[in-house]
Each structure stands twice: as structure tokens, then as C-alpha cells.
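# Coordinate inspection notes
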Amino acid sequence: MACTTFVVLSLCSFLLFDGCLAQLPWESLQQQQLWGSFRQQQKHSLRGRSQCQIERLNAQKPSRSFESEAGRTEFWDRNNEEFQCAGRGVHGTVIPGCAETFESQSQSRGSGERSRRFRDRHQKILRFREGDVLALPAGVAHWAYNDGDQPLISVSLLDTSNEANQLDQRFRKFFLAGNQQREQHSHGQEGRGQSQQERGQSGNIFNGFDAEMLAEAFNIDTEMVRKLQSQDDERGFIVRAERFQVVSPQWEEEEQERPQGEWNGLEETLCQVKLRENIGNPSRADVYNPRGGRISSLNSHKLPILNHLQLSAERGVLYRNAIMVPHWNTNAHSIIYVTGGSGRIQIVGNSGRSVFNDRVSEGQVVVVPQNFAVVKKASEEGLQWVAFKTNDNAMMTPLASRLSAIRAIPEEVLMNSYDISREDAKSLKYNRDEAIILGPNPRPSRQHDA
Amino acid sequence: MACTTFVVLSLCSFLLFDGCLAQLPWESLQQQQLWGSFRQQQKHSLRGRSQCQIERLNAQKPSRSFESEAGRTEFWDRNNEEFQCAGRGVHGTVIPGCAETFESQSQSRGSGERSRRFRDRHQKILRFREGDVLALPAGVAHWAYNDGDQPLISVSLLDTSNEANQLDQRFRKFFLAGNQQREQHSHGQEGRGQSQQERGQSGNIFNGFDAEMLAEAFNIDTEMVRKLQSQDDERGFIVRAERFQVVSPQWEEEEQERPQGEWNGLEETLCQVKLRENIGNPSRADVYNPRGGRISSLNSHKLPILNHLQLSAERGVLYRNAIMVPHWNTNAHSIIYVTGGSGRIQIVGNSGRSVFNDRVSEGQVVVVPQNFAVVKKASEEGLQWVAFKTNDNAMMTPLASRLSAIRAIPEEVLMNSYDISREDAKSLKYNRDEAIILGPNPRPSRQHDA
Amino acid sequence: MACTTFVVLSLCSFLLFDGCLAQLPWESLQQQQLWGSFRQQQKHSLRGRSQCQIERLNAQKPSRSFESEAGRTEFWDRNNEEFQCAGRGVHGTVIPGCAETFESQSQSRGSGERSRRFRDRHQKILRFREGDVLALPAGVAHWAYNDGDQPLISVSLLDTSNEANQLDQRFRKFFLAGNQQREQHSHGQEGRGQSQQERGQSGNIFNGFDAEMLAEAFNIDTEMVRKLQSQDDERGFIVRAERFQVVSPQWEEEEQERPQGEWNGLEETLCQVKLRENIGNPSRADVYNPRGGRISSLNSHKLPILNHLQLSAERGVLYRNAIMVPHWNTNAHSIIYVTGGSGRIQIVGNSGRSVFNDRVSEGQVVVVPQNFAVVKKASEEGLQWVAFKTNDNAMMTPLASRLSAIRAIPEEVLMNSYDISREDAKSLKYNRDEAIILGPNPRPSRQHDA
């Protein structure tokens, strides 16, 4: 039941994806997409490679890119994660065993209004907007539709190392519709074991079944089976929706109508589980320093399904020249996607050597392994990011400032460890009295203010 | 505390195993067996191979076969699972730390009846019959005895990829009695790392200890130690029981005597945990279509120990020409053992290509990986199977029929995705109104009946 | 949140480490140590190697050894565990997000006593003594100080195969202070992938950050940054503490002051979790035989944090010539460290062959894999050990004596399995009426006393 996808929405232009550097694949959704996501989460990808080569981290170009009728998708191989970032839209998730609880009146012409056949029934649909995070359990089918007036960009993490994935490390989604994508350009090395044959093959899941079997299973004729298999469809997997009337007036109120006291035990079946939460709103910040910026975290205490997914997310905003304190993540990897601005990130490994020290800007992705130390500093234009963490309650230990490990240690231990005076130990412990976000350029001082 | 063995019993002749094709090992028990099962469950076997080669699934011949005094055992290497299938019998499990709660009066001749030494005390013993599933935690010793009047066949799954196995992927059971088995014939490739030396070595666990140490530990003489080590025993590990009086009259009532309100906290120690449940009885079906057949599932809601074992089972019966809908397992692999009849199984991988499309019949085994799509269709003679699933609450999503993903999706999404009309979308959604089991040969129709 | 380190304390001379043979690394702490432990626990180390070569177990020499100003540390590569064994001392753990709840008055000269700046605040500190076990969650920083009058020896297990470790199998701790250690001598093969470059690099975690970044984050000058980075420090990572006044009078009473009813929900954050328990006191024995010895177990029922750590410990004492019964561990590996005396250990694998049969003595380490059978017999001088087990509630099944698998099995099963008489079966079951610890040399007898 563990899950994988976070869709984080922010208002950014589609063209920004040109030339962006990231280690992780992401998808751009412009119109509508229908797929059955085969997220092959496995223990070996991020978590537990038998020999991690973490000598030097870097940022890579996308290795594959697919052009569809109404959008483009770029993938970063070998990391098995996928990012989406962006406007507003509609998202549908097919949760196995759940009832079709939405009825929408379709607008067919010239038919009696009371006829049952003019109503469509389907499972719950969610509206999403900028700053929303969607959590999807492994193995569910889902689709999205952009009903806004601008391009829609989303960033998603697919955790193939999650316990929910009992297969290998490859990213193995399948599609319920569509056909062979046209591969555009392939830069960078391709995924190990990702053979040419496989990449060329992108028929939808129905494509592999015998036509007669499908005709019997659906009770349809073979012409319809061909449509189902989409063999002649060349639109790719992002298609332009010419008719899309799913949004009925009462549906707009769905958010207020969320049932409160109607739980009947079925929620365990995931049918009524909450899948969406917003972390973009500044009023939801968990850490706020008016001189430096803010951080909002989304963990399983706020969105309980994350306990099954063993994932969490963080939205960070640093003002100009502000610093997020050097720290290490004690129980998770952190995958940072820069959504705006620019800055500098330094990452230090366990042997005390720098493994990453570079300027980052919008569209770039940096991975911070568990227990590696990291510091972020915003440039003059500030720095914004979304970070995904591979633990539903990711914890970190700051190295400096008010909540740091240094403050938690007795003066005498610091004095002996660093061979410094008591005054120096006090400086180390108390010279910075801010917490996680540090304002820019304090004047250096050996006076502590504790 | 996670577990592994399911013993599924069905009435079938022993000879049927000749020439049967299966990917997984199984054991045939004809008389009595005593062993300490070293189930080396590990994360790497089914769950999480670093590079799955799931291009083409197939069915294999057993690679090893052992002849014993009173039975034969065949193994399918490289998959570390073991199947057993069969009449009725008696099963004993040694659960560590539990008391000997059964007292059976032994029938020794010419001794005073009241003497304490004429009573035997031992741990709980279970009777099993056709259709029973037994769940055994990792690391427990167990034995079985056929007290019926016909051959006993069982099918069992040993999950070496379970978290309970902290060792490697090999199947590493040990025996508490018996000695070197005579290997019969070895077809098929043998397991990687399964050296000739190892296969030749099958002494019981006492064999490896010094005789003097055992003599002291048991307080017995060295002649008895030789018996314990079974060095001269050539009967194999299925032996004919010439005296077996364990079944006392009152023991027959054991099933009714299961304690209901006597739990005292010790059940956590597994001493009183329920290990057996029947899924063969048609009245226990979870899915039933009088035109098509039935499915009975056994999950951790019905047999709580399965929560520790992270396994579940399914009994399926398809009538002639019936179909089990195309579907994918969202959170588990499925290992299907055909117990009767024949039919066709198609499996489709994530790239939309068929990886298995063949006729199957009694005795064959097919593995359906997580998130691969599968459809089963019975032949004229019907199809029966037992499936083991690697999750205690395995879930699946149908692709067609009343509970399918297609039904859960709005019409407009289908219309745009498949580029079809509203009428066609309605056909896709509503032309089959059965649930999981579909009756044979409906007349094709574009009229939906919703 | 799973954890790794056990510090087991016993009174033994520091010199004893010379020439000791063990498979696992340990550290000797003589004075004070400050480090951020990067315990990279992963599923692949002990638990789940893809191909275990468990044909022959043995004991090895340490492959690396580091000399520090005030102590020496030896490591056993390739096993990623670490042992510590020892006097008494003070231990500090930095738990992320917890407050500095200890205030100690520092003894600065010539300053006003009421000034707030003369008090030091830090997180909770624990005193430990011989027989204590400390449990540390993954990713926390910790340090230790020897305030006794004799060398302090500790043994610790670092479980890199724990779920808490999402990285690879290497032992990847980092230090918060200190610098490049001087490597002494390296015998034995070194860890795979442990390159020369890495071993030469041991700068502390601050070393990898830019000096300007640290100066700003700490609000200190660059001279202090150099101290923080310890670039000129040649004392190693065990240093002599010349001033260490952390122990205040009231702190001595800390053990009695442990809050009982003051829990406010924050304990979930680990701030007030119990990390220490003593298993050295004979009165805490779980198994006691006045003729043979005693065993004390520490599991998650006694120290709840072990549930997160998935580890447990056992303290065993065998009197002269006594035996711990042959048994197998059903759900855990057992890592045995001999703390005193000597004896013989036999280990038998699943194929019935001996994989270890040797004399062991103080300082040696033996690993017993899951489901392998093992027997220990003390020499004339007795045998004492500490065993770490890779399950928070490790279970074992004895092969002989009162609680054994043999006793749990009906007589008829034994009679048929070993082809013995009923009298012989009774001898096997009842000739030893002791439980886990067996006294020496009973006279062999075929008379059972049940």
C-alpha cells in the first residue's frame, strides 16, 4: 500500500523546461493523460545500493524526451524518480475496489434528460492548484487534465526503492491508452538494462492481449478492440481533449463536501483516504524567519497516507542571501527540485570531503543522501525549492544555530574536542540565535548573546 | 515472525506429478515427515531482483527429484518456492517456547495404566483435509503424517524474499531426522550457487555435532547418538510409519475444542495462534457467478497470522469457457498452481507486450509479477487453481467488467484517450455487467445495459 | 528511527585487545569521543547477501587500527559491525529536535555568579557502568567520556543491514571534530570498495564546507572556522580531556529523577526515550541453573526503543564445564562476543555439516547465522559472553533438554523418524530435565525421569 507520486504544482512556463538540468525524470502535463502507473519501487534504488558511488554528485541532462500531441515529457534515467511541476487541473485516481461515487450529467444533445444512460458514473476526482501535493499509492491508475488557461507543470517523485515495489529497480509504468511514443532526442547515458527494444515499445497494456480475448472480456466488437489497443493512435500520451465536460457545477463544491463523520470502515480500503494537501501557502509555514524565509513540511502527521508511502515533502523559500543551516538528514534521502531563483548548495560526505558545491537554479535537481551534510544559500534573487524525502517523518540535525548539535553538547566537550577556550566554545554555541533559516550577513562577532 | 508455508490439500493422484511442468518446487508427502524448515526468506528472490528478466515467462520441468522409502519429492530450483498439493493427514508444528499441551495415552503392552511414563506429552497437533491452508512462521520445525487411505499431495510456497529471512536467497531447510537422500534424476538447470557438494549433503542437523557433545546434551549413550544422527538410515525423508498411535479419541474433537475465551496473553508467543483455514469449501467463496465460477481468498483479515507472513492465498474455480477478467495485481506477485482442468493464461508486461500466452493444465505453475496484467480463460473442462500472493492483503484492479478501472474513469476521459464516441465509451464501460468472473460467450453488442 | 549501537561495559584491561581475534570491528574508548555516527544500515549486509558463503565460519584479525592521543581503535572490515566493551563513564547523545534540558554551572573564575552566560545548557547526559547496554537510533551524534580511574572498554554492534540505513553496506560514520587519523597497521583483507583514498581521508564533517559559509552560518571568524575544521589537530578521535566539569552534584541523582508521569507526547520525538538498561547484574537473569550458569536477555519488552532498532542483546555466563543447549535462532543472527573465560563453540549449517568447531576465549567474536544450530560448552575456567541479535525479540528453539523441539514432538514421530524403540524415544525426550543451561557431566542413562 506504500505510494509514490507527488504532484507539486507551481505557476511556471512550459518553455522553462528547455535546457533544465536535473538528475531525475519528470513529466510535463499540458492537457490530459491516462495511464496505469507501474511504479516498480524496490529496495535497491536509492535505498541500499550494494556499492554507492557517492564520491561526486552532479546534475545531469535528461536522457530521453517524448513529444506528444499536446505536451512534452523528459526523463532522467537511472534514478527511477520522476518529477512534475506547475497551473491548475483535474486529477483522477482509480483505487481498486472502490465504488463510482461521482455522477456527472453529460451534455448529450437531443436526448431525454431523465434517461439513466445520459449520466456518467466514475470514481472521485480531485481538483488541484499551485502548491498542492498529491500522494498516490503504488499500482493505482491515474490521469490528469489541464482545465486552466495556461500550461500546467508538475514535478513528481516515483520511489522505486519503496517496499511497495517487489520487482526490480526499473521504472515500469504502463499505459491504459495511447501507443508508441515518438522519441525526440536522447542525451546522456541511458539506463542500464533499458534495451533499445524496450524503449521502442510503448503500446498500451491492452496491446499485449489477444483481440478475441478482449472482445469477449469487454463484450465489444473487434473494431472497438483496435481502438482500445490504440494501434493507429499517433498522438502520444498527452492528448488534446476536445470534449471534456466532467466539471459540473456541484463538483466545484466538492472540497467543502468532503465527508466528515461518515466513515464506515471502508476508508481502510483507501476509498476515502485524503490524497491531497497544500504546502504552497505561506501561512502554513513550519519554520519562518522574517529576515530569511520559510519552510513548510508535509509529513504523515498532516497527510496520513504518507505513512504508507514512507515519503514526505518540504517547501522551502529563502529570501535574498539567506541561508538554510548546514544540517544532515538522519533518516532519509532528500531530493531537492529548485522551483525558482538561484543559489549555492554544498554537500559534504561522511569522510569530510565536499561532494557537491555548485550554483543551482530553477529546474535543477540535487540529491542529498542520508546522513550527508548540506547547506543552501540563496543568491540575490532568492531561492525556492521542493524537496522530497524518503521517510514519512524525515528528521534532520542542524550543525549550526539555535537547534544544532553543537548547542546540545556540553561546553567542556566542545572545548576538549576542538581544543578551544571556554569563550570560543560559547561563541560556537551561541553566536547565531536563529533556528533553521538564517538571515543574511550578520556581522562576525565573538560575543554570544545567550 | 513472518511465515512461509501454505499446505493446500486436494484429492489428486500421486502419479499426476509425472510430467507436470511448473516453475516452482513442491513436495509430495505420502507418509510422515519430520524436519526443521530453514526457510531462508530474503528480499531478493521474487521481490527485488536487481535486474528482472521478465521478457518471457515460461514453465519448467523439475530440476531435482528425490525418492524416499514412502514418497517422492520434486524440486524446481532457482525460485525458492515449494508447492505441496493433496487427501488428509496430521500436521505438527514445534513453536519455540510453547508448552506441551497435548497428552496422548500410549498403547504399551503389559504396563500399569496409571504410570506417568505411559503418557506422552507434546505440542498441539492439527488435522488437515482437502482445501485447508496451513500458515507456518519462519524457522519452526514441523512434520506431517498421512493417516488417510490414499496418497496425500500438498503444495507449499516458501517465500525466501520475505523479511523474516535475513540470509541469502537459497532455500536452506534442515532436517531433524533422516540422512542423505538418493537423488533420482536432475533435469533443467540447477540453482546458481547450489554446488554439487551441497546437493550431495543431506545429513540431519545432529550430524554436524560431535557425538560426545550430543551424548552429554541429551544424557544418552553414543549408540543412541548414532541413531539421532541417522548415519545408517537409508529411508530418505519420507518414511513409512509402522506404529503411529498419536490419534486418541478425544483428539478427534480438537477442532470443536478450540479455546475461545481462554486467551491469556501467551497467544502473542504464537502458542495458540490459528494456523489453518479452509478455502476449498464452495460456500466460502468471495466471488461467485453461477455462469462462470467462484474465487475464495484467504487474507490476514481471515487468518491473522498472515499479517506476519505477508502472504495470502486464493482458490479459483472457472466453469467451462468462463473468464477471470483481465486485471493487474497492484501490490503483490501471484504464483498460480493449476490444481485441475485446463485453460489459457495470457500475461502482458508493462511495455504492452505479451510475456506469456499458453495453455495450462493440472500441475503447472505460472508466476504473474506485480503490476503485470493477466487474463485466465477455462477450456471446455474448466480450470481450477490455487494462487499464492506475496502480500497479506493482495489487491487487484480489473481492466474490464463492472469493477474495472475503465468503469471508474469518466466517459470524457475515455472518449479523448481512445478517440472514440460517447456511445463507444459507454460500450467500453457498461457492456459487461459481471464482476470478476465472466460467463462464457456473450453475444457481442454495442448496446450497454447500464 | 531504527538504531544500532550497543555499548556493553565490562571491567577488562585495555591491553587485552592485543592479539584478540574477532570478526567484527570494535572501538576502545579511553577518554572522550565526539562523533556523528553515520550508521549506514542496509538490508544487504548480514541480512540478505545475495550469495552467502557460509561454508566455513572463522575468526579474523582486525584489518585496521588507529592510534589516538588517548586510546586505540581496531576495526574488522567487511562486517560493518562494531564492538565496544568496558569501566564506567559518561555518554551524551544529540537527539534532533530535543531541547537542552540539562543546565550545569561552569566553574569560570572571577565572574558574577548570577550571570546567565556562566551556565552551560545541553541535552541529557547518561552515566554508564559495567553491564549497561546503550541503544542509539541511527543518525544521532554522540560522545563518551571516561571519568573512572581505569581504562574503559566497550563493545558495540553497528547494524548496517537495518532498515534505517537507506544507503549501501559501508560503515559511514562521520566525525563532528578531530581530523585525519594515523593508521597503524592493516592486516587482513580490506573491505571491498574501501579505497585507499577514502581510508586516508578522515577530516571531520566541517572540513568539507567552505570556510566563508561556515563563518556566516556560525557567525564566527575564520580563525574559529579553522579550529572547527580541526585541520591542524593531530590528536586523533580519542582525546585527553584536561577540563571536564560537566558532572554537577545534582547530576549524580539523575538516575532517580527519571520522570515517571510527566510524559507529554514529546517522547515520540525520542527526547525522553530510555536508551540504557543493565544486563550485567546476576539478579536480572532470565535463565538460571545453579549447576550451570545464567542468561539475561534484553529485548524490546524491557527496552522499548529496541523495537525501532530491531536489535536485542543477551548476557550469558556458563560455569565450569556447563553447556548451553544445542539450539537454533529462528528469527535472527547472533553475534557472540566472548567477554571472559573460554570454551568450545560448535555451529552446524543446514546441510548437517559443521561450519565452526573451535575453542574460543576472551575478545573473540563468532557469528551464528539465522537457523544455524549452535552449542556452547564452557572450559574449566567458565565462559562469559555478550550476544547481539538482529531482531528485537529474538527467539531460539533448543534441540535438547526440557524446552526442546524433541520434547514437543510425539513419541511415535520420534520412533518412526529415528527408527528407535519407545524406550529410546523416551530417553531422547526426558533424559535431560534442565532447561537452557545444562550442568556438567551427568551420568549417561537410558532411564528417563519424566
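So, how was this worked out
Starting afresh in each chain, residues are numbered from 1 along the sequence in its written order. Following the order in which they are written, the chains are lettered starting with A and the ligands numbered starting with 1. Per-residue local features of the predicted model are confined to residues with pLDDT of at least 70, and side-chain atom pairs are confined, for both listing and counting, to 80 or more; whole-chain, interface and lining totals are unaffected and use all residues. As a rule here, side-chain values cover all heavy atoms of the structure and leave hydrogens and water aside. Numbering of helices and strands runs from the N terminus, with a helix taken as a DSSP run of H or I at least four residues long and a strand as a DSSP run of E at least two residues long. Categorising residues by exposure relies on relative accessible area from a 1.4 Å probe, with only protein chains included: less than 20% of the type maximum marks a residue as buried, more than 50% marks it as exposed, and the intermediate range marks it as partly exposed. To measure how exposed things are, a 1.4 Å probe is used in the Shrake-Rupley method; for residues, cover is taken only from the protein chains shown. A side-chain nitrogen of Lys or Arg and a carboxyl oxygen of Asp or Glu constitute a salt bridge if their distance falls within 4 Å. UniProt positions are given in the numbering used here, feature names are shortened, and annotations may be inferred rather than shown by experiment. Two rings from Phe, Tyr or Trp (for Trp, the six-membered ring) form a pair when their centres are within 6.5 Å of each other. A pair whose planes differ by under 30 degrees is stacked, one over 60 is edge-to-face, and the rest are tilted. DSSP calls a pair of strands paired once it identifies at least 2 bridges connecting them. Note on method: axes are straight lines fitted to C-alpha atoms, helices fitted across the in-contact stretch only, with angles between N-to-C directions ranging 0 to 180 degrees. Any angle that falls under 35 degrees is termed roughly parallel, while one over 145 is termed roughly antiparallel, one within 65 to 115 roughly perpendicular, and all others oblique. In this description, contact between two residues means that some pair of their heavy atoms is separated by no more than 4.5 Å. Amino acids outside the nonpolar list (Ala, Val, Leu, Ile, Met, Phe, Trp, Tyr, Cys, Pro) and the charged list (Asp, Glu, Lys, Arg) are all regarded as polar, and Gly is one of them. By the criterion applied in these results, polar contacts are pairs of N or O atoms within 3.5 Å in which, for protein atoms, one can donate a hydrogen and the other can accept it, and in which residues neighboring in sequence qualify only through two side-chain atoms. By definition, pLDDT measures how confident the predictor is in each residue, and it falls between 0 and 100.

### Overview of the overall build of chain A
Counting its secondary structure elements, chain A contains eight helices and 25 strands. Across the 450 residues of chain A, 65% fall into the buried class. Accessible area for chain A stands at about 15900 Å²; split by element, carbon and sulfur atoms hold 45% of it.

### Notes on the pattern of salt bridges
Here the structure, examined in full by the defined rule, presents 48 salt bridges over all chains. Arg 235 of chain A is the salt-bridge partner of Asp 233 of chain A, the closest N and O atoms lying 2.8 Å from each other. Of the two residues, Asp 233 of chain A and Arg 235 of chain A, both sit in the buried class. Across the pair Arg 284 of chain C and Glu 277 of chain C runs a salt bridge whose closest N-O atoms are separated by 2.3 Å. On the basis of relative accessible area, Arg 284 of chain C is assigned to the partly exposed category, the value being 37%. Taken together, the salt bridges that share partners define one network made up of Glu 411, Glu 412, Arg 422 and Lys 426 of chain A.

### A look at the UniProt feature "domain: Cupin type-1" (unreviewed entry) in chain A
Under the UniProt annotation, "domain: Cupin type-1" (unreviewed entry) lies at residues 57-226 and 277-426 of chain A. This span, residues 277-426 of chain A, is 15% helix and 48% strand, and a straight line between its end C-alpha atoms measures 42 Å.

### Digging into the packing of aromatic side chains
Residues and elements named next belong to chain B. Per the stated rule, a full pass over the model turns up six aromatic pairs over all chains. Each ring, one from Phe 206 and one from Phe 218, has its centre 5.7 Å from the other, and the planes form 70°; the classification is edge-to-face. Here Phe 206 is found in the loop between helix H1 (196-200) and helix H2 (211-218), whereas its partner Phe 218 is found in helix H2, with twelve residues between them in sequence. The same class applies to Phe 206 and to Phe 218, which are both buried.

### Re the pairing of strand E20 (residues 334-348) of chain A
Residues and elements named next belong to chain A. With 14 of 15 residues buried, E20 is to be regarded as a mostly interior element. Judged from the 13 bridges that link them, E20 and strand E23 (residues 373-389) form a sheet pairing that is antiparallel. Note on E23: the bridge partner recorded for Ile 335 is Phe 388. Here E20 pairs with strand E21 (residues 354-361) via seven bridges, running antiparallel.

### Observations regarding unusual backbone geometry
Although it is not a glycine, Asn 371 of chain A adopts a positive phi angle of roughly 70°. Along the chain, Asn 371 of chain A falls in the loop between strand E22 (365-368) and E23.

### So, the packing of helix H6 (residues 411-418) of chain C against helix H7 (residues 422-430) of chain C
Residues and elements named next belong to chain C. Relative orientation of the contacting elements H6 and H7 amounts to 110°, with a least axis distance of 9 Å. Considering the angle they form, H6 stands roughly perpendicular to H7. Seen from H6, the contacting residues are Glu 411, Glu 412, Leu 414, Met 415 and Tyr 418; seen from H7, they are Arg 422, Ala 425, Lys 426, Leu 428 and Lys 429. Across the contact of H6 with H7, the residue classes break down as five nonpolar, no polar and five charged.

### Topic: helix H7 (residues 411-418) of chain A
Most of H7 of chain A is tucked away: eight of the eight residues are buried. Just beyond H7 of chain A, the residue with positive phi is Asp 419 of chain A, at close to 55°.

### Quick notes on helix H8 (residues 422-430) of chain A
Judged by how many residues are buried, H8 of chain A sits mostly within the fold: eight of nine residues are covered. For H8 of chain A, the complete set of buried residues consists of Arg 422, Asp 424, Ala 425, Lys 426, Ser 427, Leu 428, Lys 429 and Tyr 430 of chain A. Looking at the packing, one finds that the buried side of H8 of chain A touches helix H6 (405-408) and H7 of chain A together with strand E9 (119-122), helix H2 (211-218) and helix H3 (222-229) of chain C.

### A look at the environment of Leu 167 of chain B
Its location among the elements puts Leu 167 of chain B in the loop between strand E14 (152-155) and strand E15 (182-183). A sequence separation of 22 residues divides Leu 167 of chain B from Tyr 145 of chain B, and the C-alpha atoms of the two residues are 30 Å apart.

### Points about the pairing of strand E23 (residues 373-389) of chain C
Residues and elements named next belong to chain C. Most of E23 sits out of view: 13 of its 17 residues are buried. Pairing of strand E19 (residues 323-329) with E23, which is carried by four bridges, proceeds in the antiparallel orientation. By the bridge assignment for E23, Ile 323 is matched with Lys 377.

### Quick notes on the side chain of Thr 330 of chain B
Relative to the helices and strands, Thr 330 of chain B resides in the loop between strand E20 (323-329) and strand E21 (334-348). Residues in contact with Thr 330 of chain B, not counting those within four places in the same chain, are Pro 96, Ala 138 and Gly 139 of chain A together with Gln 370, Asn 371, Met 395, Met 396 and Thr 397 of chain B.

### Topic: the side chain of Ser 300 of chain C
Residue and element names in this part refer to chain C. With respect to the helices and strands, the residue Ser 300 is situated in the loop between strand E17 (293-298) and helix H4 (305-309). What makes Ser 300 buried here is its relative accessible area of 11%. At a separation of 3.1 Å, a polar atom in the side chain of Ser 300 contacts the side chain of Asn 393. Ignoring any residue separated from it by four or fewer positions in sequence, one finds Ser 300 in contact with Leu 306, Asn 307, Asp 392 and Asn 393.

### Description of the confidence of the model for chain A
Residues and elements named next belong to chain A. On average, residues of chain A score 70 in pLDDT, and 64% of them reach the 70 mark or higher. A low-confidence stretch, residues 1-55 (pLDDT under 50), is modelled with 333 contacts involving residues beyond four sequence positions or located in other chains. Contacts from residues 59-63, a stretch scored under 50 in pLDDT, to residues over four places away or in other chains number 26 contacts. Taken over the whole predicted complex, pTM reads 0.77, whereas the ipTM for its chain interfaces reads 0.74.

### Brief notes about the environment of Leu 383 of chain A
Among the secondary structure elements, Leu 383 of chain A is positioned in strand E23. Once you skip the residues sitting within four places of it in the chain, Leu 383 of chain A turns out to touch Gly 316, Val 317, Leu 318, Val 338, Gly 340, Gly 341, Ser 342, Gly 343, Val 360, Lys 376 and Ala 378 of chain A.

### Some words on the packing of H2 of chain C against H3 of chain C
Residues and elements named next belong to chain C. Between H2 and H3, whose axes approach to 9 Å, the crossing angle comes to 105°. Considered as vectors, H2 and H3 are oriented roughly perpendicular to each other. Two secondary-structure elements touch here, H2 through Ala 211, Leu 214, Ala 215 and Phe 218 and H3 through Val 225, Leu 228 and Gln 229. Broken down by class, the residue content of the contact of H2 with H3 amounts to six nonpolar, one polar and no charged.

### Some thoughts on the environment of Ser 297 of chain A
Residues and elements named next belong to chain A. Of note, Ser 297 is situated in strand E17 (residues 293-298). Owing to a relative accessible area of 26%, Ser 297 belongs among the partly exposed residues under this scheme. Spatially, the C-alpha atom of Ser 297 lies 16 Å from that of Thr 330, the residues being 33 residues apart in sequence. For Ser 297, the contacting residues outside a window of four places in its chain are Asp 286, Lys 302, Ala 313 and Glu 314.

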